[in-house]
Amino acid sequence: MAASSDRNPPPFPTAEESEPGLCDMADADSDEGEDIFVSNSNPVSVSRGVSQPDRVSEEPSDLFSEEAASSTAAKANGVHSDDDNDLFADTNVELSTDKSSSSARKEPSGPRHASTFTPSPAAMQPTSLEQLEEEEAKDSFDVDVAVTNPEKIGDGMNAYVAYKVSTRTSLPMFRSKVFSVRRRFSDFLGLYEKLSVKQSLHGCIIPLPPEKSVVGMTKVKVGMDDPSSVEFVERRRAALERYLQRVVSHPSLLQDPDVREFLEREDWFEDKFQEVENEEQQLRKLHVVVDSLVIHRKELCGNTAVFAKSLAMLGNSEDNTALSRALSQLAEVEDKMEQLHQEQAASDFFIFAELLGDYIRLLGAVRGCFDQRMRAWQRWQEAQSTLQKKREAEAKLLWANKPDKLQQAKEEITEWEARVTQYERDFDRIGMTVRKEVLRFEKEKAKDFKSQIIKYLEAMLQSQQRLIKFWEAFLPEAKAIA
Amino acid sequence: MTSIDENSKEKLRSVSVDLNHDASLLIDIPDALCERDKVKFTVHTKTTLSSFQKPDFSVPRQHEDFIWLHDTLVETEDYAGLIIPPAPPKPDFDSPRDKMHKLGEGEATMTKEEYTKMKQELEAEYLAVFKKTVQVHEIFLQRLSSHPVLSKDRNFQIFLEYDQDLSVRRKNAKEMFGGFFKNMVKSADEVLISGVKEVDDFFEQEKTFLLDYYSKIKDSTAKAEKMTRAHKNIADDYIHISATLNSLAADDMTANKNLNIILSLQKVEGRVASDQDLKLTELLRYYMRDIQAAKDLLYRRARALADYENSNKALDKARLKSKDIPQAEEHQRQCLQKFDKLSESGKKELTSFKGRRVVAFRKNFIEMAELEIKHAKNSVALLQGCIELLKSN
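Residues numbered from 1 in each chain as written. Chains lettered and ligands numbered in written order. Predicted model: local features only at pLDDT ≥ 70, side-chain atom pairs only at ≥ 80, totals over all residues. Heavy atoms only, no water.

- Per an unreviewed UniProt entry, chain B goes by Sorting nexin and derives from Astatotilapia calliptera.
- In the Sequence similarities (unreviewed entry) part of its UniProt record, chain B is described as follows: "Belongs to the sorting nexin family."
- Entered under Function (unreviewed entry) in the UniProt record, the comment concerning chain B runs "Involved in several stages of intracellular trafficking." (UniProt positions renumbered as here; feature names shortened; annotations may be inferred.)

- If you look chain A up in an unreviewed UniProt entry, it shows as Sorting nexin-1 from Astatotilapia calliptera.
- The Sequence similarities (unreviewed entry) comment attached to chain A in UniProt states, word for word, "Belongs to the sorting nexin family."

1. What about the overall build of chain B?
Reasoning step 1: Looking only at helices and strands, one finds 11 helices and 4 strands in chain B.
Reasoning step 2: Residues counted as buried form 51% of the 393 residues belonging to chain B.
Reasoning step 3: Considering only intrachain contacts with a sequence separation of at least 6, the fraction spanning at least 24 residues in chain B is 77%. (Helix = DSSP H or I, 4+ residues; strand = E, 2+ residues; numbered from the N terminus. Buried < 20%, exposed > 50% of the residue type's maximum accessible area, 1.4 Å probe, protein only. Contact = heavy atoms within 4.5 Å.)

2. Description of the overall build of chain A
Reasoning step 1: Check the secondary structure of chain A and you find 12 helices and 3 strands.
Reasoning step 2: Residues classed as buried in chain A amount to 52% of the 482 residues present.
Reasoning step 3: Long-range pairs, those at least 24 residues apart, make up 72% of the contacts in chain A with a sequence separation of at least 6.
Reasoning step 4: For chain A, the accessible area works out to roughly 22600 Å², and carbon and sulfur atoms hold 53% of it. (Areas by Shrake-Rupley, 256 points an atom, 1.4 Å probe, with all protein chains shown as cover.)

3. With respect to the confidence of the model for chain A
Reasoning step 1: Put simply, chain A has an average pLDDT of 73, and 69% of its residues get 70 or more.
Reasoning step 2: Predicted confidence is poor over residues 1-126 of chain A, with pLDDT under 50, and the contacts of this stretch with residues over four places away or in other chains come to 267 contacts. (pLDDT = per-residue confidence, 0-100.)

4. Observations regarding the pattern of salt bridges
Residues and elements named next belong to chain A.
Reasoning step 1: In this structure the tally under the stated criterion is 49 salt bridges over all chains.
Reasoning step 2: Across the salt bridge formed by Glu280 and Arg284, the nearest N and O atoms sit 2.9 Å from each other. Of this pair, Glu280 and Arg284 both sit in helix H10 (residues 268-317), 4 residues apart, which is roughly one turn of the helix.
Reasoning step 3: Judged by relative accessible area, which is 5%, Glu280 ranks as buried. (Salt bridge = Lys/Arg side-chain N within 4 Å of Asp/Glu carboxyl O.)

5. What about the packing of aromatic side chains?
Reasoning step 1: This model, assessed by the stated rule, comprises 25 aromatic pairs over all chains.
Reasoning step 2: Each member of the aromatic cluster is reached from another via a ring pair, and the members are Trp471(A), Phe474(A), Tyr286(B), Tyr287(B), Phe353(B), Phe361(B) and Phe365(B).
Reasoning step 3: When the ring centre of Phe262(A) is taken as origin, the NZ or CZ atom of Arg183(A), which lies over that ring, is 5.6 Å away.
Reasoning step 4: One Lys or Arg, Arg357(B), reaches over the ring of Tyr213(B) and ends 4.7 Å from the middle of that ring. (Phe/Tyr/Trp six-rings, centres within 6.5 Å; stacked < 30°, edge-to-face > 60°. Lys NZ or Arg CZ within 6 Å of the ring centre and 35° of its normal.)

6. A word on the environment of Phe185(A)
All names here are of chain A.
Reasoning step 1: Looking at where Phe185 falls in the secondary structure, it is placed in helix H5 (residues 185-197).
Reasoning step 2: Using a relative accessible area of 8% as the deciding quantity, one classes Phe185 as buried.
Reasoning step 3: C-alpha of Phe185 to C-alpha of Val161: the two residues are 24 residues apart in sequence and 7.3 Å apart in space.
Reasoning step 4: Contact partners of Phe185, with chain neighbours within four places excluded, come to Val161, Tyr163, Pro210, Glu211, Lys212, Arg236 and Leu240.

7. Focus: the interface of chain A and chain B
Reasoning step 1: Facing 52 residues of chain A, the contacting portion of chain B comprises 54 residues.
Reasoning step 2: Summed over both sides, the interface of chain A with chain B buries roughly 4800 Å², with 73% coming from carbon and sulfur.
Reasoning step 3: Applying the counting rule to chain A against chain B returns 5 salt bridges.
Reasoning step 4: For Glu458(A), the salt bridge identified is with Lys391(B), shortest N-O distance 2.5 Å. (Buried area = accessible area lost by both parts, 1.4 Å probe.)

8. A closer look at the packing of H5(A) against helix H9 (residues 257-264) of chain A
All names here are of chain A.
Reasoning step 1: One can describe the packing of H5 onto H9 by two numbers: an axis separation of 10 Å at closest approach and a directional angle of 170 degrees. One way to sum up the angle between H5 and H9 is to call them roughly antiparallel. In this structure, the crossing between H5 and H9 has a hand that is right-handed. In this structure, H5 uses Asp187, Phe188, Leu191, Lys194 and Leu195 to contact H9, whose residues at the interface are Asp258, Val259 and Phe262. (Axes fitted to C-alpha atoms, helices over the stretch in contact; angles between N-to-C directions. Parallel < 35°, antiparallel > 145°, perpendicular 65-115°, else oblique. Left-handed = near helix turned anticlockwise from the far one by under 90°.)

9. Concerning the side chain of Asn303(A)
Reasoning step 1: Following the sequence through the fold, Asn303(A) ends up in helix H10.
Reasoning step 2: For Asn303(A), a relative accessible area of 17% translates into the label buried.
Reasoning step 3: Here Lys226(B) takes part through its backbone oxygen, which lies 3.1 Å from a polar atom of the side chain of Asn303(A).
Reasoning step 4: When near neighbours in sequence (up to four residues on either side) are disregarded, Asn303(A) contacts Lys226(B), Met227(B) and Ala230(B). (Polar contact = N/O pair within 3.5 Å; in protein donor to acceptor, adjacent residues only side chain to side chain.)

10. Considerations on the confidence of the model for chain B
Residues and elements named next belong to chain B.
Reasoning step 1: Confidence in the prediction of chain B, expressed as mean pLDDT, is 82, and 84% of residues score 70 or more.
Reasoning step 2: Low confidence marks residues 1-13, where pLDDT is under 50. Its contacts with residues over four positions away, or in another chain, come to 29 contacts.
Reasoning step 3: At the level of chain-chain contacts, confidence expressed as ipTM amounts to 0.84, with global pTM at 0.66.

11. Notes on the nonpolar core
Soluble globular proteins tend to pack their nonpolar side chains together in the buried interior.
Reasoning step 1: Of all hydrophobic cores here, the largest spans 97 residues; its most connected members are Leu457(A), Trp471(A), Ile217(B), Ile241(B), Leu350(B), Phe361(B) and Phe365(B).
Reasoning step 2: Of all the secondary-structure elements, those providing two or more residues to this core are H10, helix H11 (321-400) and helix H12 (403-479) of chain A together with helix H9 (201-249), helix H10 (253-321) and helix H11 (325-392) of chain B.
Reasoning step 3: Ranked by residues supplied to this core, first place goes to H11(A) with 18 residues.
Reasoning step 4: Residues in contact with Leu457(A), not counting those within four places in the same chain, are Ile261(B), Leu383(B), Cys386(B), Ile387(B) and Leu390(B). (Core = buried A, V, L, I, M, F, W, Y, C linked by side-chain atoms within 4.5 Å.)

12. A look at the packing of helix H6 (residues 214-222) of chain A against helix H7 (residues 227-249) of chain A
All names here are of chain A.
Reasoning step 1: Their axes nearest at 9 Å, the elements H6 and H7 cross at an angle of 120 degrees. With respect to H7, the axis of H6 lies oblique. Crossing of H6 over H7 shows left-handed handedness. Where H6 abuts H7, its residues Gly216, Met217, Lys219 and Val220 lie against Ser228, Ser229, Phe232, Val233 and Arg236.
Reasoning step 2: Classifying every residue of the contact of H6 with H7 gives 4 nonpolar, 3 polar and 2 charged. (Nonpolar A, V, L, I, M, F, W, Y, C, P; charged D, E, K, R; others polar.)

Shown next as structure tokens:
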């Protein structure tokens with residue numbers, strides 16, 4: 001095990017630990033002994049390097065203690081430990097901070113785990129064999145998980161696949177009966193890593209996530225359409241699902257706060273984005289049905305008009321005078337009905353259908369805002385990567401003792417430091433704007449829908465009232481038949 | 001066993017009025033069983049007439065048995081001057097069955113609630129078709145039982161009483177008559193239109209009237225059916241809308257209210273559609289068939305007239321040739337007698353038919369108007385309530 005000092009270049013200890021290969025995807029780099037983590041994006045750890053000293057690297061020993069997390073900001077993902085060197089040679093791990101003040105700082109498209117290292121209650125461990133067997137017998141796994149909807153997020157080498165993790169449960173400790181979050185592969189690995197180092201779970205059989213595959217993932221990143229990529233993603237999805245099922249089937253693991261957080265915790269933006277997407281989908285469906293309603297009502301118009309004419313002809317044919325009159329009157333009523341149907345169809349279309357159409361498009365625009373925030377985030381990440389590269393280049397120059405180039409390198413570092421700061425600020429700002437805008441949009445939408453629906457219903461009300469008048473006028477005619 | 005309770009039967013029994021009131025012979029169909037495509041009706045008879053073996057009895061009958069009865073009545077010479085009540089149409093479950101099939105195929109694309117609701121609607125539709133076919137078969141028998149002449153028909157009695165399978169008897173009948181009459185009917189209209197010169201004003205008018213009226217009412221029936229179907233489609237659309245709103249509504253209070261009102265509107269729309277179907281479309285459909293039966297009567301009379309005219313010509317010929325005069329005279333007398341009989345009873349039948357038709361139309365129109373008003377008032381109340389609720393928030 002290498003001493004931490006070996007992996008402790010002055011400015012970014014975590015960066016060194018976590019990104020020896022930086023944005024380079026090739027796992028081959030991890031062969032270099034202590035370089036544990038190859039991550040293309042390890043944003044928060046890097047950012048923490050930027051914005052605050054990272055406790056993790058400075059106190060590696062803390063990682064092994066469950067109580068490592070101080071009450072203040074930095075919460076460590078226990079996986080960043082020296083011990084894990086061999087186990088997680090291929091792991092992509094992300095750290096995240098969960099600071100209430102800077103929720104905007106979270107990755108827009110990746111999951112955020114705040115791993116709370118609270119001591120696992122000793123009560124988890126049955127003290128006697130009998131108790132053990134008893135626990136086994138209880139065996140009510142009221143939790144069902146599914147991993148679905150693999151979705152490629154982002155482009156190029158920065159891309160990754162997000163899966164929908166859905167949970168269905170009757171256990172009260174969860175926030176609701178059915179819920180879902182988006183997680184990526186590295187999140188599953190992260191979960192495993194957290195669980196595997198917990199003292200409280202020592203001795204437990206921790207299920208293993210599927211293996212990482214650089215080749216497979218690279219193909220996916222580059223282009224997901226070919227069948228082998230599709231198959232790869234499907235195999236991985238299924239494997240992740242089995243992994244999760246095994247985790248939640250384990251009574252101790254199910255109780256673990258990290259597991260619960262993995263299943264439940266959502267980022268506001270993530271949440272909203274899902275909401276927006278769902279809503280758009282539903283509105284589209286609704287739009288289709290309303291279109292169908294409009295068509296059918298127009299059909300009804302046509303059929304009624306045609307029927308009215310036919311009935312008038314029948315009335316002319318009828319030899320009983322009173323009945324003949326009644327038939328003609330009925331034909332007139334049907335004519336008026338046709339008029340009503342016409343107006344109703346117009347209302348269906350202009351008020352209802354158009355409203356839906358507008359909001360489907362608007363929701364698209366809302367999604368666009370989220371995308372912009374995402375791009376701001378990516379720009380920031382890329383800048384951080386570049387900065388890292390520059391720093392390493394500088395380090396190399398120091399080593400190679402080339403003072404002439406060093407000056408330029410230092411200038412570049414300064415430049416990129418500024419950029420990183422700027423982009424981070426931009427990201428924060430856009431996050432706040434998006435948040436405000438979405439809330440404003442939702443208020444407007446509720447108002448808009450309400451007023452339009454009231455309009456629609458009022459039109460329908462008027463129509464029905466006229467209908468009553470028409471039939472009430474006809475009734476005496478019908479009674480007059482003799 | 002699907003049974004129809006008395007209440008709903010009362011509602012349905014509207015296309016023809018004043019039937020089944022004569023206690024000497026009361027007929028109804030209290031039960032029917034639907035097996036795949038075949039419907040088995042339980043025909044129940046209560047009678048005080050001595051011509052029957054028992055005062056109260058039931059037999060199972062299929063649709064084909066009704067058709068057999070109708071056809072034998074039509075073929076009976078003695079009834080040529082009567083309007084034979086139209087045969088009930090074959091039970092047609094195609095529409096709900098096709099829809100059920102489509103629903104099954106589309107199950108994957110809709111939510112569980114949507115699917116359940118659609119299924120319920122289809123089951124209701126299926127039941128409605130079932131009820132209608134029972135009604136129509138029942139009315140056929142009741143028309144017969146309330147007719148002074150037809151109620152005494154031997155085959156009618158067999159139909160009501162014979163506790164074994166009628167299909168054997170049916171086959172014999174078919175062999176006897178074959179498609180004879182059917183072929184005749186095809187050209188009936190032509191005979192009526194072009195045929196013999198009419199001697200009686202009443203019948204001349206009737207002929208003109210019935211021919212014209214038939215084509216008009218046939219047209220109206222078809223158009224009413226289309227209108228009813230469009231109404232049903234709209235009701236179905238409301239189901240889909242409410243289902244989608246349901247998925248949107250999860251936490252949204254306003255949406256929930258909208259959802260409820262859409263659901264209620266859908267129910268109202270559905271009822272409007274089915275009431276219209278019963279009161280208007282069924283009415284038109286029934287009288288279309290009845291008028292066809294009246295036309296058939298005219299046709300038979302026209303043939304009788306033609307026969308009479310031919311017999312006159314034959315008599316003249318016989319007189320000229322001085323051969324077979326008595327036979328020719330006898331033949332001519334018989335034809336005249338038949339023609340007169342047909343004319344006399346035909347006149348009676350057609351007159352009472354008019355009255356019957358007017359009464360039935362009146363009753364149905366009144367009921368239809370009342371139902372439309374009722375449903376519209378319901379909708380108004382719903383809408384007003386919902387609008388107020390939305391505005392107050």
